[in-house]
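Each chain is listed here by its residues.
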Amino acid sequence: MVSVLTCLLKKKVTEDLPVLDEEIEVIGREIKIAINAVFGRSLAIRELDTGSDNATEIEINNLNNPFYDVERFGITFVASPRHADVLIVTGCVTHNMVIAAKKTYDAMPSPKFVVAVGDDACDGGIFSGTYAVLGGVEKILPVDLKIPGNPPTPVQILAGLLALMKKARRE
Amino acid sequence: MTTDNDIGIRVAQEFLGSDALADRIMHGPNNELYLLIEESEFEIAISHLAANKFVLISIFCCERFSLHATQTLFYIFERRTSILVVFLGINGYATSIAGIYPCASWFERECRDGFGIEFEGAFDNRRLFLHETYPDDFHPLKKSFKNASIVTKEIINPADEYPFLEVLGEGVYQVPVGPVHAGIIEPGHFRFSVIGETIFNLECRMFYKHRGIEKLAEGKIPTYCIRIAEAVSGDESVANTTAFCMAVEQISHIQVPERTWYLRTILLELERICSHLGDQAGMLIDVAFPLGASQFSVLREECFRESDQLTGSRFLRGIIAIGGISRDIPKVQLDELLSFVHQLRKRYRIGLKIVLSTASVIDRFSTTGVILPALLRPLNITGPAARASGGKVDVRLNHPYGIYDKFAPKPQRLRDGDVLSRFTIKASEIMDSIDLIERLIASVPGGDVRSDAIIRDGYTLAMVESARGQNLCWVWIKDGVIERYKVRTASFSNWLAIEHAVQGNIVPDFPVINKSLNLSYAGTDL
């Protein structure tokens, strides 16, 4: 049985991060200001994989690890497209995913944004023009922003999201 | 890859007789044993191999391999340290062996989709990687089909929809999940048949991400195909490119400098650590213990950064090359890596202690998602999942490649087969990989890291132990370009294990069972 008092009084388990990434902090602060202004303090993102090699998903997942922890900037990854402002699409669009991808997009409330993350999502990459793949995300959905990379790093993805926020603010 | 093929020859003698054997048996460049059989001998051969406890690890098809037949089917069997490739020419029809080897079913459906081969006696004739949207009678891996965009069906008739197995009875209902899931993960469909909260049956439908990797490689020069091998599965980049390069090197008789193998092995083990750390963090998230998960995800991010320092890629891409590695890793960086893994071991132990002393975690992990040892051979379950259920399978030990004969990993084995066993096995493997990296850095020799690569024609099988288990590829080079590149990842084999592991568990435990095997959808779907 763990005593409540011990829990309150003992040394905290959380420590300062071993490295503080200045670049992340700068982008994060800027993105937070933009999200506060445009999206009422919280940006809800839904991730959709239409045929990636799973490296891009790992990098997007990494945005939630303690090094980046993007939730503190107001960015949340949500479980349903119905809660989402932004759809992040990774990977080239395979024929087998077309119907599911369109349904996911249709389930989102307007206004909505689509961001293609990774080389394959941007233009189909090495898979374009083959039998199994339709091409980049823009073949089936209106893409607002492309973040190239094989895969792009968490910092690059965050910088891309900042660009999207700026674009949304202008519009 | 070293193999001990005596047992394969002995069993072949039993059903063919020693006289007939001489001109039908041959050794491949990677020391795998090929055995040509006639269609009439097929059934007796399979029953002999099954009786002698050979495990079926892959079936694939190839066109234009033999002058006398339209297609050639290759059945790859493994028994401990021996590899036997049984092959036979066919003309569009073959006999199904899914009744004897249940894992054959997915392979046969794959051949059926790709080449239009009908398997007589098959219990499952549904399409596999070609979903409803593909036109009828479309077989992309046939040589007569040139890889180009195709017109697919826009509207799918409800009658043409994929028929899932229906479990009927009072109180049984179905829960369809996917292909788009709630988390940031890859797409796949899970059809649960549930009684109350308990899972009665699960059917996994994959291949939503089918990108046509194998067809894409055809006609390309081998150096270009490294990029394709990297795309098989992002977090297995080193394993898959190493397997591919190993195959090309063996075919072309390229001697790889010794230093290269030390560096490749360091990268292979680093990739394993990174993958296992991610699995463990994910498993802890799924049992609502973020304190433990963050310990491991911090370490994993540091591994990514270390990989970036070493090779310029967080996923160790672009470093493995045919004949060696694309650039040397200087001593300074290796010393840095040494102190990094030294620290990693200390901090990993602290994290592990927190996790293993938390009762709620142990409670959720133990007796959850048991994979029975009896399933290992029929389903060809591989990697840490098999080792957690008492399996003695590890390519690094059974078929040592590179310098694994000198730097053998510690054999890991647990028997319970539950989520806790898989978690513990992965923890031991991380520790062991750290040991291996330290030993490798301490004795890495100097010299070149790349030898001249003159590509020759031929074919061979190559296998590596990726973080998820045995990955194999079969490469056939003809006129200097790839004629066939067959990949079978550990994930492809282990999906069947999940279907069995979840039975009798409750639906809310599915995520942690799934994560404890952490299979790559991309590596399965190709």
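Residues numbered from 1 in each chain as written. Chains lettered and ligands numbered in written order. Predicted model: local features only at pLDDT ≥ 70, side-chain atom pairs only at ≥ 80, totals over all residues. Heavy atoms only, no water.

## Comments concerning the interface of chain A and chain B
When the parts come together, some accessible area is lost, and that loss is often what is quoted as the size of the interface. The partner chain B presents 55 residues to the 47 residues of chain A that form the contact. When the two sides are added together, the surface that chain A and chain B hide from each other amounts to roughly 4000 Å², 60% of it contributed by carbon and sulfur. Of all residues in chain A, Asn-96, Ile-126 and Tyr-131 of chain A give up the largest surface area on contact with chain B, accounting jointly for 22% of the area buried on that side. Where chain A meets chain B, there are 3 salt bridges. A salt bridge links Arg-317 of chain B to Asp-53 of chain A; its shortest N-O distance comes to 2.8 Å. At the junction of chain A and chain B, the tally comes to 23 residue pairs in polar contact (both at pLDDT 80 or more). At the level of elements, strand E1 (43–49), helix H3 (55–62) and helix H4 (98–106) of chain A are the ones that each hand at least two residues to the side of chain A that touches chain B. With 7 residues, the top contributor of residues to the side of chain A that touches chain B is H3 of chain A. Residues that form the side of chain A that touches chain B fall into these classes: 24 nonpolar, 15 polar and 8 charged. (Contact = heavy atoms within 4.5 Å. Buried area = accessible area lost by both parts, 1.4 Å probe. Salt bridge = Lys/Arg side-chain N within 4 Å of Asp/Glu carboxyl O. Polar contact = N/O pair within 3.5 Å; in protein donor to acceptor, adjacent residues only side chain to side chain. Helix = DSSP H or I, 4+ residues; strand = E, 2+ residues; numbered from the N terminus. Nonpolar A, V, L, I, M, F, W, Y, C, P; charged D, E, K, R; others polar.)

## Looking at the domain arrangement of chain B
Residue and element names in this part refer to chain B. Considered domain by domain, chain B is made up of domain 1 (6–120), domain 2 (163–205) and domain 3 (213–525). Computed over C-alpha atoms, the centres of domain 1 and domain 3 are 28 Å apart. On the domain 3 side, the residues contacting the 30 residues of domain 1 number 28 residues. With both chains or domains summed, domain 1 and domain 3 bury close to 2600 Å², and 64% of this area falls on carbon and sulfur atoms. Per-residue buried area on domain 1 facing domain 3 is highest for Pro-29, Asn-30 and Trp-106; these three make up 22% of the total on that side. Where domain 1 packs against domain 3, one counts 1 salt bridge. Lys-486 serves as the salt-bridge partner of Glu-110, at 3.0 Å between the closest nitrogen and oxygen. At the junction of domain 1 and domain 3, the tally comes to 13 residue pairs in polar contact (both at pLDDT 80 or more). (Domains from an automatic or database assignment.)

## Some points on the sheet that holds strand E14 (residues 469–478) of chain B
Either a parallel or an antiparallel arrangement is found when strands of a sheet pair, and the pairing is made through backbone hydrogen bonds. All names here are of chain B. The antiparallel open sheet is built from 3 strands, whose spatial order is E13-E14-E15. The sheet terminates laterally at strand E13 (458–466) and strand E15 (481–488), the two strands that pair on one side only. Taken over all neighbouring pairs, the strand axes of this sheet differ in orientation by 15 degrees on average, direction set aside. Pairing of E14 with E15, which is carried by 7 bridges, proceeds in the antiparallel orientation. From the neighbouring strand, Ile-477 faces E15, where its bridge partner is Ile-482. (Pairing = 2+ DSSP bridges. Axes fitted to C-alpha atoms, helices over the stretch in contact; angles between N-to-C directions.)

## Things to note about a nonpolar patch on the surface
Together, Val-4, Leu-5, Leu-8 and Leu-9 of chain A make up an exposed nonpolar region whose accessible area comes to about 490 Å². Using a relative accessible area of 65% as the deciding quantity, one classes Leu-8 of chain A as exposed. (Patch = residues over 30% accessible without salt bridge, like charges linked within 9 Å, V, L, I, M, F, W, Y side chains within 5 Å. Areas by Shrake-Rupley, 256 points an atom, 1.4 Å probe, with all protein chains shown as cover. Buried < 20%, exposed > 50% of the residue type's maximum accessible area, 1.4 Å probe, protein only.)

## Side note on the sheet that holds E1 of chain A
Residues and elements named next belong to chain A. Reading across from one edge, E2-E1-E3-E5-E7 is the order of the 5 strands in this open sheet, with parallel pairing throughout. For this open sheet the edge positions go to strand E2 (75–77) and strand E7 (145–147), each flanked by a neighbour on one side alone. Each adjacent strand pair in this sheet contributes to an overall mean axis angle of 30 degrees, direction not counted. Relative to E7, strand E5 (residues 113–117) runs parallel, the two sharing 3 bridges. Counted as the bridge partner of Val-115 is Leu-145 from E7. Strands in contact with H3 are E1, E2, strand E3 (86–90) and E5; relative to E3, the strand with the most contacts, it is inclined by about 140 degrees. In the packing of helix H6 (residues 154–170) onto the sheet, the strands contacted are E1, E2, E3, E5 and E7, and the crossing angle to E7 comes to about 165 degrees.

## Describing the nonpolar core
Side chains of a nonpolar character, in soluble globular proteins, are inclined to be buried together. All names here are of chain B. Of all hydrophobic cores here, the largest spans 183 residues; its most connected members are Leu-73, Tyr-75 and Tyr-485. Of the residues forming this core, the biggest block, 13 residues, is contributed by helix H8 (residues 258–286). Residues in contact with Tyr-75, not counting those within four places in the same chain, are Phe-42, Leu-56, Ser-58, Ile-59, Leu-84, Val-85, Val-86, Leu-88, Thr-95, Ile-97 and Phe-119. (Core = buried A, V, L, I, M, F, W, Y, C linked by side-chain atoms within 4.5 Å.)

## Some remarks on H6 of chain A
Between the first and last C-alpha of H6 of chain A there are 25 Å, a value that for 17 residues agrees with the 24 Å anticipated at 1.5 Å per step. Taken together, the buried positions of H6 of chain A are Pro-154, Val-155, Ile-157, Leu-158, Gly-160, Leu-161, Leu-162, Leu-164, Met-165 and Ala-168 of chain A. (Expected span 1.5 Å × (residues − 1).)

## Notes on the pattern of salt bridges
All names here are of chain B. Per the counting criterion, the structure on display carries 45 salt bridges over all chains. Glu-132 is the partner of Arg-205 in a salt bridge, and the nearest nitrogen-oxygen pair spans 3.2 Å. Note that Arg-205 is positioned in strand E10 (residues 198–205) and Glu-132 in the loop between strand E7 (118–120) and strand E8 (172–177), a separation of 73 residues in sequence. Note on accessibility: Arg-205 and Glu-132 belong to one class, buried. Put simply, Glu-269, Arg-272, Arg-387, Asp-394, Arg-396, Glu-429 and Glu-465 are held in one network by salt bridges that share partners.

## Details of the packing of aromatic side chains
All names here are of chain B. All chains considered together, the criterion is met by 37 aromatic pairs over all chains. Arranged with centres 5.2 Å apart and planes meeting at 75 degrees, the rings of Phe-65 and Trp-476 form a pair that is edge-to-face. Pair noted here: Phe-65 is in the loop between strand E3 (55–63) and strand E4 (71–79) and Trp-476 is in strand E14, with a separation of 411 residues, a long-range link. Summarising the burial analysis for this pair, Phe-65 and Trp-476 share the class buried. Centroid distance Trp-106 to Phe-492: 5.3 Å. Interplanar angle 80 degrees. Geometry classified as edge-to-face. Remark: Phe-492 occurs in helix H16 (residues 490–501) and Trp-106 occurs in helix H4 (residues 104–115); sequence separation between them is 386 residues. When its relative accessible area of 4% is taken as the criterion, Phe-492 is described as buried. Put simply, the rings of Tyr-34, Phe-60, Phe-65, Phe-74, Phe-87, Tyr-459, Trp-474 and Trp-476 pair up and form one aromatic cluster. Over the ring of Phe-164 we find Arg-191, and its NZ or CZ is 4.1 Å from the ring centre. (Phe/Tyr/Trp six-rings, centres within 6.5 Å; stacked < 30°, edge-to-face > 60°. Lys NZ or Arg CZ within 6 Å of the ring centre and 35° of its normal.)

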